[in-house]
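Listed below are the residues making up each chain.
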Amino acid sequence: MFNLFKNKNHEKETLDKILAKSADFKCIEYFNQKTKVSFTLKFLATLIDEKTVQESILPYLLEENFKEIDDAKEIIPLADIQISEDISQIEDKLFTGSVLLTVNGKENKFCFLGARKEIGRNVSLPEVEFSVIGPKESFVESLDQNLNLIRKRIPVKELIMEKLTVGTLSKTKVAILYIDGITNPENVDTVRQRIEDIEFDEITDSSYIVQIISDNQNSPFPQLLDTERPDRISAILAEGKVAIFVDGSPHALIGPTTLVEFFSSFEDYYLNWILSSFFRLIRLFAVVFSILVTPVYVATLSYHYELIPQDLMNTLVASRRAIPFPPILEALFLELTIELLREAGARLPTKVGQTIGIVGGIVIGTASVQAGLTSNILLIFIALAALASFTTPVYRIGNTIRLLRFPFLLFAELWGLLGIVVCFCFLLTHLIRLTSLGRPYLEPLYPPRMQDLKDAFIRLSFDKQRKRPFLLNTNQPNRFHKKAAKDKKDIEDE
């Protein structure tokens, strides 16, 4: 905690002096004519709902039979009223939206009146994980509002919520959610311990938590899955995973997770299993295509002409006849151009950004081909690779895919197809060693687990997914009993 005081006997006096420097700190004395008692209210005006103070606190303190601090709970119609003698609580309560009530001459005992001003936006449509089918709610910046969205979807007493505070300056509230009796306690303990061990001054978003508590902070791969969808959080809690919410962040974190989950859209579960499996395979193919298409182009033209069919070779030679650069420079020029257009489109206002992306791509692509800087065939490959990278449903893994193309390009230029294989071996070794909250990141491929393949590259129907993921080692491995479900269905059919 941010310690302002060294001498405990002068904590309250020192706090008043420090807060008096702030224009929004109010210290106002009042007098109750009926009981002849004077009292003081202290609060930060920017954190307090003035209407609550004027209508639900002051009238009752001035008109009712208020004599002692203990009377506050009886006469003030507020749910959040706490009486304390612990001076160390004053700082925390004032900065979380409470009004400090003291009776003059008896300052050793005081009361905290909850009157926090709630400022935030309403629940809106998902922007990053939008889906045509399914709920249209997304998380907002308010922690309590986000927890409400989960509570109404899982209205059971086993849903446990633990609150922690991180950040010596920001005092950010972090909530850990899990279902008692299902979630493995080891996973909960790991998350709790890592969050409690955070030593950082300012935590403003869940992105900070991802980077700090990840198993390998030097890996470009995200090791916790973030989402803005309450339905997805509800589903993973039922699976036995742990969810992390950060006050002020519209994204929740999920762990432990695997690489395959980053290519699964939650809309897959709202479609027929055949359709969702088909779309999932398309995404996986698109990711592989996006990473390898330009490195294979560079490797083939630089080292492996014999792999190109004669008819295609004539087309390639014709397209590159006037180009003065080797394939690697040609590819890097277009790749960097695409990244520049992406960044420009993301940083500009929405309407302007869309215009820049479309018009800039067309103009620069056409001009570069006509100027003889790039071939039209590579331009098509680059455009398809960029389009394929947009199929990833999770934004964080999309950034990783964009980065991976560059080391593959470098290795392709150095050793051709052998270089691509070497780079792939390095990547595979890294993924095999990577973990998420201590669990294997490449599961169910490594270690191989047939049970978890039912919802990996393809998604089988729900009646085939009787067990929870083996990766999580949950206390209740069965989601439902197949025989009981079959007997119930047979009875209904009769």
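Please read all numbers here as calculations on a predicted model, not as lab measurements. (Residues numbered from 1 in each chain as written. Predicted model: local features only at pLDDT ≥ 70, side-chain atom pairs only at ≥ 80, totals over all residues. Heavy atoms only, no water.)

Trainee: Residues and numbers for the sheet that holds strand β3 (residues 81-84), please.
Mentor: Reading across from one edge, β1-β2-β4-β5-β3 is the order of the five strands in this open sheet, with antiparallel pairing throughout. The open sheet has two edge strands, β1 (25-32) and β3, and neither has a second partner. On average, each strand axis in the sheet is tilted by 20° relative to the strand beside it, whichever way the strands run. With four bridges joining them, strand β2 (residues 37-44) and strand β4 (residues 98-103) adopt antiparallel strand pairing. Its bridge partner lying in β4, F39 is registered against V103. (Pairing = 2+ DSSP bridges. Helix = DSSP H or I, 4+ residues; strand = E, 2+ residues; numbered from the N terminus. Axes fitted to C-alpha atoms, helices over the stretch in contact; angles between N-to-C directions.)

Trainee: Give me the lowdown on the state of the cysteines, citing residues and values where you can.
Mentor: Evaluation of the coordinates by the stated rule reveals zero disulfides. The cysteine C111 is free of any disulfide, with C27 supplying the nearest cysteine sulfur at 16 Å. Sulfur of C423: no disulfide; nearest cysteine sulfur belongs to C425 and is 9.3 Å away. A residue is classified by how much of its surface remains accessible, and C423, at 7% relative accessible area, is buried. (Disulfide = S-S within 2.5 Å. Buried < 20%, exposed > 50% of the residue type's maximum accessible area, 1.4 Å probe, protein only.)

Trainee: Requested: an account of the pairing of strand β9 (residues 242-246), with residues and values cited.
Mentor: The side chains of a regular strand alternate, first on one face of the sheet and then on the other. Counting buried positions along β9 yields five of five residues, so the element is predominantly enclosed. Both faces of β9 are covered, namely the face carrying V242, I244 and V246 and the face carrying A243 and F245. Taken together, the three bridges between β9 and strand β10 (residues 252-255) define a ladder with antiparallel strand orientation. In the strand pairing of β10, V242 is matched with G255. Between β9 and the antiparallel strand that follows it, β10, lie five residues; G248 among them carries a positive phi value of about 95°.

Trainee: Before we move on, could you go through the sheet that holds strand β7 (residues 172-179) and cite the residues and values that matter?
Mentor: The five strands are arranged β6-β7-β9-β10-β8 in an open sheet whose pairing can be described as antiparallel. Of all the strands in the sheet, just β6 (159-166) and β8 (225-227) have a single pairing partner and so form its edges. Each strand axis lies, on average, 25° off the axis of its neighbour in the sheet, ignoring direction. As judged from the three bridges shared by β8 and β10, these two strands associate in the antiparallel manner. In the strand pairing of β10, T227 is matched with A252.

Trainee: Explain the pattern of salt bridges to me, using residue names and the numbers behind them.
Mentor: Under the criterion given, the structure shown has 26 salt bridges. As a salt-bridge pair, K464 and D463 come within 3.8 Å of each other at their nearest N and O atoms. Judged by its relative accessible area of 42%, K464 falls in the partly exposed class. On the accessibility criterion, D463 (44% relative accessible area) is partly exposed. Overlapping salt bridges bring together E335, E339, R342, E343, R402 and R405 as one network. (Salt bridge = Lys/Arg side-chain N within 4 Å of Asp/Glu carboxyl O.)

Trainee: Break down the packing of helix α11 (residues 327-347) against helix α13 (residues 376-389) for me, citing the residues and quoting the values.
Mentor: Two numbers describe how α11 lies on α13: the axes approach to 10 Å, and their chain directions differ by 40°. One element, α11, and the other, α13, form an angle in the oblique class. The chirality of how α11 crosses α13 is right-handed. Contacts between α11 and α13 involve E330, A331, L334, E335, I338 and R342 on the former and, on the latter, L378, L379, I382, A386 and S389. Class assignment of the residues belonging to the contact of α11 with α13 gives a composition of seven nonpolar, one polar and three charged. (Parallel < 35°, antiparallel > 145°, perpendicular 65-115°, else oblique. Left-handed = near helix turned anticlockwise from the far one by under 90°. Contact = heavy atoms within 4.5 Å. Nonpolar A, V, L, I, M, F, W, Y, C, P; charged D, E, K, R; others polar.)

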